[in-house]
Amino acid sequence: MPELTNKERMAIPRQPMPEQDPEARSRNFEEVNLGLTEELARMEAERCIRCPKPLCIAGCPVEVKIPEFIELIAVGDFAGAAAKLKEDNSLPAICGRVCPQEEQCEIKCVVGKKNEPVAIGRLERFAADWERVNLGIQAPKVAESTGKKIAIVGGGPAGLSCAGDLVQWGYDVTVFEALHEIGGVLVYGIPEFRLPKSIVKAEVEGLEKLGVKFQTNYVVGMTETVDEMLEHFDAVFLGVGAGLPYFMNIPGEHLIGVYSANEFLTRVNLMKAYDFPNYDTPMIDVHGKNVAVIGGGNTAMDAVRTALRLGASRAVIVYRRSEAEMPARIEEIHHAKEEGVEFMLLHSPLELKGDENGWLTSMVLQKMELGEPDDSGRRRPVPIEGAVEEMPVSVVVVAIGNGSNPIIHRTTPDLAVNKWGNIVVDGDTMKTNKKGVFAGGDIVTGGATVILAMGAGRTAAKAIHEYLQNPETW
Amino acid sequence: MNKIIEANFQAPDVKFFRIEAPHVARKRKAGQFIILRVDEFGERIPLTIADSDAENGTISIIVQGIGKTTKKLNTLEAGDYVRDLVGPLGTPSHVENFGTAVSIGGGVGTAIAYPTAVALKEAGNRVISIIGGRSKEYVILENEMKQICDEVYPTTDDGSYGYHGFVTGKLQELIDEGKKIDFVLAIGPIPMMKAVAEVTRPYGIKTVVSLNPIMVDGTGMCGGCRAIVDGEPVFVCVEGPEFDAHKVDFDVLTSRNRTYILQEKKALESFHECKLEKKIDEAVVEQKSAEEVTHA
Ligand SMILES: Cc1cc2nc3c(=O)[nH]c(=O)nc-3n(C[C@H](O)[C@H](O)[C@H](O)COP(=O)(O)OP(=O)(O)OC[C@H]3O[C@@H](n4cnc5c(N)ncnc54)[C@H](O)[C@@H]3O)c2cc1C
Ligand SMILES: Cc1cc2nc3c(=O)[nH]c(=O)nc-3n(C[C@H](O)[C@H](O)[C@H](O)COP(=O)(O)OP(=O)(O)OC[C@H]3O[C@@H](n4cnc5c(N)ncnc54)[C@H](O)[C@@H]3O)c2cc1C
Ligand code: SF4
Ligand code: SF4
Ligand code: FES
């Protein structure tokens, strides 16, 4: 393609993402987005006007060199684009799929001022997928062994990215994971139709090739405490995520049919309950039933779309604010609507009711309206007096967020945590108050995003590297 | 992958396993459990650690085959492997010198109570054990209990061995005899634990039960194991499994444990069919090889 003027670039419309037909995909677990073709990707890449001072980079938590990798796609050097991405982002195939781009990199894109922004996330995904399919995951060079051992606790994005950097710098790295599979929320939470497990697996295999060791079925705190680990590791990184589901504390939450989103998604994703009885883990049969999911975040969207795929006749999001306040990615809300998910906005559950055998039968809801903005700047929902309704429902999935799991701090009494149980760290180095112990990801920030967890893992890796070169500097 | 070192039946459908798990053996305390997955398709199920040997790096479990997973597990033999095994999980039993402690086990519950009975003895208690079974062949661990307890009373529902009746009958008898009982540990089917709680409640005897809700991760991540204790929800895998029997809502536990009753039945049927098919396949192979021999 000849060199285009900015005006010509701005005139190219945002290229469509090929996706599965909504009708078909709402009943299967295959990936919704199919990925850009080479032609679409190169056309989309031409839309970037290569700003001399690219604002998009500032929107990305790990400052991916966006115009540089996009330029490489435009000229057809897809391998080069993937390599450029990996300088800042160790999991581009994953971030390209699940980052909330519309509020990070893409919202800052200047093309977006007049037109739709450059599809940075889709291009990122394209380059990473192209590399994986055509070349396999490229193993970077590993430095000579430092002879130092590092324990990474938790196999989510924070732990994996920390492990990936440290192994390249010559450390002997072992990842300890409580579950039987590596990936954290990427394997037990985010469903196949949004993030195929084969992609996570390829990343894990890539790390294995570099020499990272994985010890699954190992609950740090129970199987071995952090203090015991410090006796035979030079440093410990805690990336244990925010795995403690909140419930609503309303009557009836013990009824059969009430799941936390973590349990609902774990049964389906990690344990493959959708393929029961080929897999042994069961799930309440939702065929022809009403399923309500409480919440408005990514977790809620994943749960409700999963319910549809499991055969629910009605799958409903119940959210106490309005759509504008929903924290979920816009693409997920849009996909959910296309697939037939219903939205009951400005409704808040008051009570769950069941039959004499303890099975959930209905949910009592309070209607809300928006009042004044609260501390977070979002308009606070307030109950409309007397506006109460009852809805028949067989399964309710509670997706109102996660707190921090107590196992680590209960078994490491001198580790500083705040009142929510989040580990307290120095923001620049991810150092905890305990010598040799670093932490990052959701356990520090509370439930956040994959890219933030990944960024924290890499910041910690750098700090661990510095610390181990001069341990007396702690 | 964890290797099975020893496997043998203790009673019909109740099998003892010694399994390699050095990390677990090193750390575990009485009252804790593991979660295992038999194979790649398997469900994660919790099982109490009956005993451990830190030196040899093994733990023991005693499994009652009641559904697909436990029956599948019980087909394994020494030399076989289980796919995944994680632990120790849960809060260890609270053990102190109460005075006289009664350990009550119903069915496989005796295996779950056994390590805590040992710990109670080591803490200086006088320990009385009541071992309940449907009939004589279901009374397990009697010899092991005899080695550590001051008194051991087997009971059978049908009277084929020991005291004729339920464990609660024997417990009431001991109370009526005027035995001073300071602590009761009751582990077994939910109706049994509930009945024991009602026997001890009027006397104010401190009573602890071990709850058996359906679990997935066993680390507090899913909330599926929640039970109601003292009117509040608790995550049994982290806060338990042992709780004050007088505060547990047994009805909620009973109903929640019935969540997958239809699926469990289906799973068991498919398992039996699968075993049957395997038998038929084997028969065909045998027949074929017999034919080959005759043809040769
Ligand atoms: C359903 C769902 C959908 C989401 N969708 C998106 C999205 O679209 N985009 C986005 O950016 N973010 C999304 N998020 C958020 C994102 O997944 C998390 O912010 C991110 O995974 C946090 O990474 P982490 O490494 O800190 O923790 P996790 O991913 O939670 O990983 C922690 C790991 O540590 C293990 N662990 C815990 N305790 C121990 C222990 N004691 N010993 C050993 N191992 C332990 C856990 O089993 C887990 O594997 C979603 C979250 C959920 C739940
Ligand atoms: C802390 C704890 C310790 C236990 N220790 C022992 C032990 O030492 N020996 C022993 O034989 N059994 C023990 N159990 C019970 C054992 O876990 C169940 O018998 C087993 O999970 C049944 O699985 P199944 O597929 O064979 O049967 P299914 O047919 O699936 O289920 C039979 C019944 O078991 C319960 N159950 C089903 N799935 C689970 C699950 N994932 N987690 C927990 N319960 C479930 C339900 O009440 C169900 O109705 C323990 C349970 C708990 C919670
Ligand atoms: S990592 Fe996420 S925020 Fe950064 S450029 Fe890629 S998609 Fe955008
Ligand atoms: S802001 Fe937009 S147009 Fe400018 S460099 Fe970034 S992606 Fe390209
Ligand atoms: S088993 Fe998941 S929280 Fe207890």
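Everything here concerns the structure above.
Residues numbered from 1 in each chain as written. Chains lettered and ligands numbered in written order. Predicted model: local features only at pLDDT ≥ 70, side-chain atom pairs only at ≥ 80, totals over all residues. Heavy atoms only, no water.

K.L.:
An account of the overall build of chain B is needed here, citing residue identities and associated values.
P.N.:
Secondary structure assignment for chain B yields 9 helices and 17 strands. Relative to the compact-globule value of 19 Å for 296 residues, chain B shows a C-alpha radius of gyration of 21 Å, a close match. If you line up chain B on its principal axes, its C-alpha atoms span 80 × 45 × 40 Å. Long-range pairs, those at least 24 residues apart, make up 65% of the contacts in chain B between residues at least 6 apart in sequence. (Helix = DSSP H or I, 4+ residues; strand = E, 2+ residues; numbered from the N terminus. Rg over C-alpha atoms; globule rule 2.2 N^0.38 Å. Contact = heavy atoms within 4.5 Å.)

K.L.:
Tell me about the site of ligand 1, residues and numbers included.
P.N.:
Residue and element names in this part refer to chain A. Neighbouring ligand 1 are 35 residues, the closest being V98, E177, R194, V220 and D442. Contact between ligand 1 and G184: an oxygen atom at 3.5 Å from a main-chain N or O atom of the residue. One of the backbone nitrogen or oxygen atoms of D442 is found 2.9 Å away from an oxygen atom of ligand 1. Mapped onto the shell around ligand 1, the elements with two or more residues apiece are α11 (157-168), α16 (298-309) and α20 (450-469). For the shell around ligand 1, the per-class residue count stands at 19 nonpolar, 11 polar and 5 charged. (Near = heavy atom within 4 Å. Polar contact = N/O pair within 3.5 Å; in protein donor to acceptor, adjacent residues only side chain to side chain. Nonpolar A, V, L, I, M, F, W, Y, C, P; charged D, E, K, R; others polar.)

K.L.:
Report on the sheet that holds strand β1 (residues 2-11) of chain B, specifying residues and quantitative values.
P.N.:
Residues and elements named next belong to chain B. Strands sit in the order β5-β6-β2-β1-β7 across an open sheet of 5 strands; the sheet is antiparallel. Two strands close off the open sheet at either side, each with one partner strand: β5 (51-53) and β7 (81-82). Two strands pair when backbone bridges link them, and β1 and β7 are joined in this way by 2 bridges, in the antiparallel orientation. Bridge pairing links K3 to Y81 in β7. (Pairing = 2+ DSSP bridges.)

K.L.:
Kindly report on the interface of chain B and chain A, identifying the contributing residues and their values.
P.N.:
It is common to give the size of an interface as the accessible area that goes away when the parts come together. The interface is formed by 45 residues belonging to chain B together with 46 residues belonging to chain A. When the two sides are added together, the surface that chain B and chain A hide from each other amounts to roughly 3,700 Å², 57% of it contributed by carbon and sulfur. Our count for the contact surface shared by chain B and chain A stands at 4 salt bridges. Viewed at the interface, chain A and chain B are joined by 17 residue pairs in polar contact (both at pLDDT 80 or more). Secondary-structure elements contributing two or more residues to the side of chain B that touches chain A are α1 (22-27), α2 (68-73), β8 (84-89), β15 (226-229), β16 (232-235), α7 (236-239), α8 (250-256) and α9 (261-295) of chain B. Looking at the side of chain B that touches chain A element by element, the count peaks at 6 residues for β8 of chain B. Here the side of chain B that touches chain A is built from residues that sort into 16 nonpolar, 14 polar and 15 charged. (Buried area = accessible area lost by both parts, 1.4 Å probe. Salt bridge = Lys/Arg side-chain N within 4 Å of Asp/Glu carboxyl O.)

K.L.:
Please give an account of the environment of V209 of chain B that cites residues and values.
P.N.:
Residues and elements named next belong to chain B. As for its placement among the helices and strands, V209 is situated in strand β14 (residues 206-210). For V209, a relative accessible area of 0% translates into the label buried. Residues V209 and T91 lie 118 residues apart in sequence; the distance between their C-alpha atoms is 13 Å. Once residues within four sequence positions are removed from consideration, V209 is found in contact with A186, M193, P241, E242, F243, A245, V248 and F250. (Buried < 20%, exposed > 50% of the residue type's maximum accessible area, 1.4 Å probe, protein only.)

K.L.:
Residues and numbers for the packing of helix α3 (residues 38-45) of chain A against helix α10 (residues 120-135) of chain A, please.
P.N.:
Residues and elements named next belong to chain A. Look at α3 against α10: their axes get within 10 Å of each other, and the N-to-C directions meet at 135°. One element, α3, and the other, α10, form an angle in the oblique class. As α3 packs across α10, the resulting crossing turns out to be left-handed. Touching E38, A41, E44 and A45 of α3 are L123, F126 and W130, all from α10. (Axes fitted to C-alpha atoms, helices over the stretch in contact; angles between N-to-C directions. Parallel < 35°, antiparallel > 145°, perpendicular 65-115°, else oblique. Left-handed = near helix turned anticlockwise from the far one by under 90°.)

K.L.:
Pulling in residues and values, what's your account of the pairing of strand β3 (residues 33-37) of chain B?
P.N.:
Residue and element names in this part refer to chain B. Taking burial as the measure, the 5 residues of β3 include 5 buried ones, the bulk of the element. Alternating residues of β3 divide into F33, I35 and R37 and I34 and L36, and every residue in both groups is buried. When β3 meets β8, the two strands line up antiparallel, connected through 4 bridges. When the bridges of β8 are listed, F33 appears paired with L89.

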